[in-house]
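Coordinate inspection notes
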Amino acid sequence: MELEERADAAAEESQRDLSGVFRYYELAKRAEWQIKDLPWGELPPIPEYKGSPQKLARRRDLWRSVITQQLQADELAVEMATQLFAIAPDREAKLYYTTMVQDESRHTEAWLQLIEEAGGMAERDPYLDQLAQQVLHADTLEEKVFLMQVFYERLIIPRFRMIARSSRGTILEDLCNRLTIDDGIHHGAGMAYERVLLAHAPKKVKHTLIEAANRMLPEFAAHALWRPKAREMIGQLMEARDRERLETELNHGVRLAKSLGLDVADVQLPF
């Protein structure tokens with residue numbers, strides 16, 4: 001009986017089509033860029049304003065806060081991507097994760113240089129640390145790919161677009177445009193690999209993913225709506241719009257999960 005089970009597992013392994021994942025490996029290599037490609041010294045690091053010293057200081061603190069949060073996210077993403085590389089059993093996925101580790105490391109390097117030019121670190125987001133722990137301590141590869149690439153990488157892309165629109169003519173805009181492309185590749189690769197992983201997965205595995213998604217959604221909502229002191233005022237002015245945007249993105253995340261055959265609950269936002 002045990003030999004039959006091993007034979008079935010080996011047959012299933014040989015039938016796994018990972019060409020989609022390998023395609024993202026090739027795409028990631030072509031899309032790779034270097035830190036020196038950013039317009040250092042040619043453009044201001046963050047938007048520049050006119051006004052009193054107090055106003056200028058508040059504006060700089062606001063952008064320092066934005067950059068700090070993105071730096072924090074990519075520092076954590078390096079750990080997550082490294083985990084995925086270490087535990088992925090498939091050759092094509094392992095190759096892809098070599099590019100993802102490099103991407104997240106390069107993003108971290110870029111944010112570190114940018115935050116130095118913008119004036120130094122600001123306040124960390126406690127909810128982001130909690131989100132990362134959910135991924136880092138997840139029990140299975142399926143859950144890690146699902147939380148990191150299917151959900152988080154997709155939900156963060158609109159934020160990069162929004163930051164880029166708000167920081168025209170800066171290094172920050174250039175960087176966010178590059179990260180939008182990189183994270184789109186990360187998300188696409190995650191969707192492709194998760195479909196392979198779930199193709200023959202037992203119901204227990206899928207149920208675990210549903211539970212993980214339902215835990216992540218309110219945590220992500222709290223993260224997305226959290227504002228440090230430097231952004232409290234603008235956060236209050238944009239609160240209604242932020243909630244509407246967040247609900248749209250989370251519902252899109254739910255649809256993505258359902259496209260993988262997972263019956264994730266409708267979003268219940270914590271407000």
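Residues numbered from 1 in each chain as written. Predicted model: local features only at pLDDT ≥ 70, side-chain atom pairs only at ≥ 80, totals over all residues. Heavy atoms only, no water.

1. Observations regarding the overall build of the chain
Put simply, the rule is: Put simply, DSSP marks the helices as runs of H or I at least four residues long and the strands as runs of E at least two long, and each gets a number from the N terminus on. Any two residues whose heavy atoms approach within 4.5 Å are treated as being in contact. Note that accessible areas follow from Shrake-Rupley with a 1.4 Å probe, and for residues the cover is restricted to the protein chains shown.
In terms of regular secondary structure, the chain is built from 10 helices and zero strands. Listing each helix as α and each strand as β along the chain from the N terminus yields α-α-α-α-α-α-α-α-α-α. Considering only contacts within the chain whose residues lie at least 6 apart along the sequence, 83% involve residues at least 24 apart. Accessible surface computed for the chain: about 13,600 Å², of which carbon and sulfur atoms make up 52%.

2. With respect to the nonpolar core
Rules: Throughout, nonpolar core names a set of buried Ala, Val, Leu, Ile, Met, Phe, Trp, Tyr and Cys residues whose side chains join them through atoms within 4.5 Å. Here the term buried applies to any residue with accessible area under 20% of the maximum for its type, exposed to any over 50%, and partly exposed to those in between, with areas from a 1.4 Å probe on protein chains only.
Counting residues in each nonpolar core, the largest one holds 79 residues, and the members touching the most others are Tyr96, Tyr97, Trp111, Phe146, Phe151 and Tyr193. Listed by contribution, the elements that provide at least two residues to this core are α2 (19-31), α3 (53-87), α4 (91-118), α5 (126-136), α6 (141-166), α7 (171-198), α8 (203-225) and α10 (239-259). Residues contacting Phe151, with those up to four places away along its chain left out, are Phe146, Ala213, Met216, Leu217, Gly253, Val254 and Ala257.

3. Brief notes about the pattern of salt bridges
Filter applied, for reference: Salt bridges, as used here, are contacts in which a Lys or Arg side-chain nitrogen is within 4 Å of a carboxyl oxygen on Asp or Glu.
Tallied over the full model, the rule gives 12 salt bridges. Several salt bridges converge on common partners, so that one network encompasses Glu32, Asp103, Arg106 and Asp182.

4. Here's the deal with the side chain of Gln70
In this fold, Gln70 is placed in helix α3. The residues touching Gln70, leaving out its near neighbours within four places in the chain, are Trp111, Arg159, Phe160 and Ile163.

5. Focus: the packing of aromatic side chains
The cut-off we apply is this: The aromatic pairing rule takes the rings of Phe, Tyr and Trp, using the six-membered ring of Trp, and pairs them if the centres are within 6.5 Å, calling planes under 30 degrees apart stacked, those over 60 edge-to-face and the rest tilted. By the criterion adopted, a ring carries a charge over it if an Arg CZ or a Lys NZ lies within 6 Å of its centre and within 35 degrees of its normal.
For the coordinates displayed, the defined rule picks out five aromatic pairs. A cation over a ring is seen here: Arg59 above Tyr49, with NZ or CZ 4.8 Å from the ring centre. For the cation-ring pair, Arg106 lies above Trp33, with the distance from its terminal atom to the ring centre recorded as 4.8 Å.

6. Looking at the confidence of the model for the chain
Applicable threshold: The pLDDT value tells you how sure the predictor is about a given residue, anywhere from 0 up to 100.
Predicted confidence across the chain gives a mean pLDDT of 87, with 89% of residues reaching 70 or more. When pLDDT is averaged over each helix and strand of the chain, the minimum, 41, is found for helix α1 (residues 2-14) and the maximum, 98, for α4.

7. Side note on α2
Residues lying three or four places apart along an α-helix face the same way, a consequence of the helix completing one turn every 3.6 residues. Cut-off, in case you're wondering: Expected helix span is given by 1.5 Å per residue-to-residue step, counting one fewer step than there are residues.
In this model, α2 (13 residues) spans 18 Å end to end at C-alpha, consistent with the 18 Å of a helix rising 1.5 Å per residue. Against α4 and α7 lie the buried residues of α2.

8. A word on the environment of Pro218
Its location among the elements puts Pro218 in helix α8. The spacing of Pro218 and Leu250 is 32 residues in sequence and 9.5 Å in space, taken between C-alpha atoms.

9. Some details on the packing of α6 against α8
Put simply, the test is: To define axes, lines are fitted to C-alpha atoms, for helices over the stretch in contact only, and angles between the resulting N-to-C directions are given on a 0 to 180 degree scale. Roughly parallel refers to an angle under 35 degrees, roughly antiparallel to one over 145, roughly perpendicular to one between 65 and 115, and oblique to any angle outside these ranges. Left-handed is the label given to a crossing in which the near helix is rotated counterclockwise from the far helix by less than a right angle, and right-handed is the label when the rotation is clockwise. In this count, Pro and Cys sit with the nonpolar residues alongside Ala, Val, Leu, Ile, Met, Phe, Trp and Tyr, while Asp, Glu, Lys and Arg are called charged and the others, Gly among them, polar.
At a minimum axis separation of 10 Å, α6 and α8 run at an interaxial angle of 30 degrees. It follows from the interaxial angle that α6 and α8 lie roughly parallel. Relative to α8, the crossing made by α6 is right-handed. Note on element contacts: α8 touches α6 through Val205, Thr208, Leu209, Ala212, Ala213, Arg215, Met216, Leu217, Phe220, His223 and Ala224, opposite Glu142, Glu143, Phe146, Leu147, Phe151, Tyr152, Leu155 and Arg159. Residues of the contact of α6 with α8, tallied by class, amount to 13 nonpolar, two polar and four charged.

10. Description of the environment of Glu211
With respect to the helices and strands, the residue Glu211 is situated in helix α8. The exposure class assigned to Glu211 is partly exposed, which follows from its relative accessible area of 38%. Separated by 68 residues in the primary sequence, Glu211 and Glu143 have C-alpha atoms spaced 9.9 Å apart.

11. What to know about the packing of α5 against α6
In the contact formed by α5 and α6, the axes pass within 7 Å of each other and the chain directions differ by 135 degrees. Between α5 and α6, the angle falls in the class oblique. Note on element contacts: α6 touches α5 through Lys144, Leu147, Met148 and Tyr152, opposite Leu128, Leu131, Gln134, Val135 and Leu136. Tallied by class, the residues present in the contact of α5 with α6 amount to seven nonpolar, one polar and one charged.

12. Section: α5
Under the convention used in this document: Identification of polar contacts relies on pairs of N or O atoms within 3.5 Å, with a donor-acceptor requirement for protein atoms, meaning one able to donate a hydrogen and the other able to accept it, and with residues adjacent in sequence counted only if both atoms are side-chain atoms.
Those residues of α5 that fall on the buried side of the exposure criterion are Leu128, Leu131, Ala132, Gln134, Val135 and Leu136. The N-terminus of α5 is capped by Asp125, whose side-chain oxygen sits 2.9 Å from the backbone nitrogen of Tyr127.

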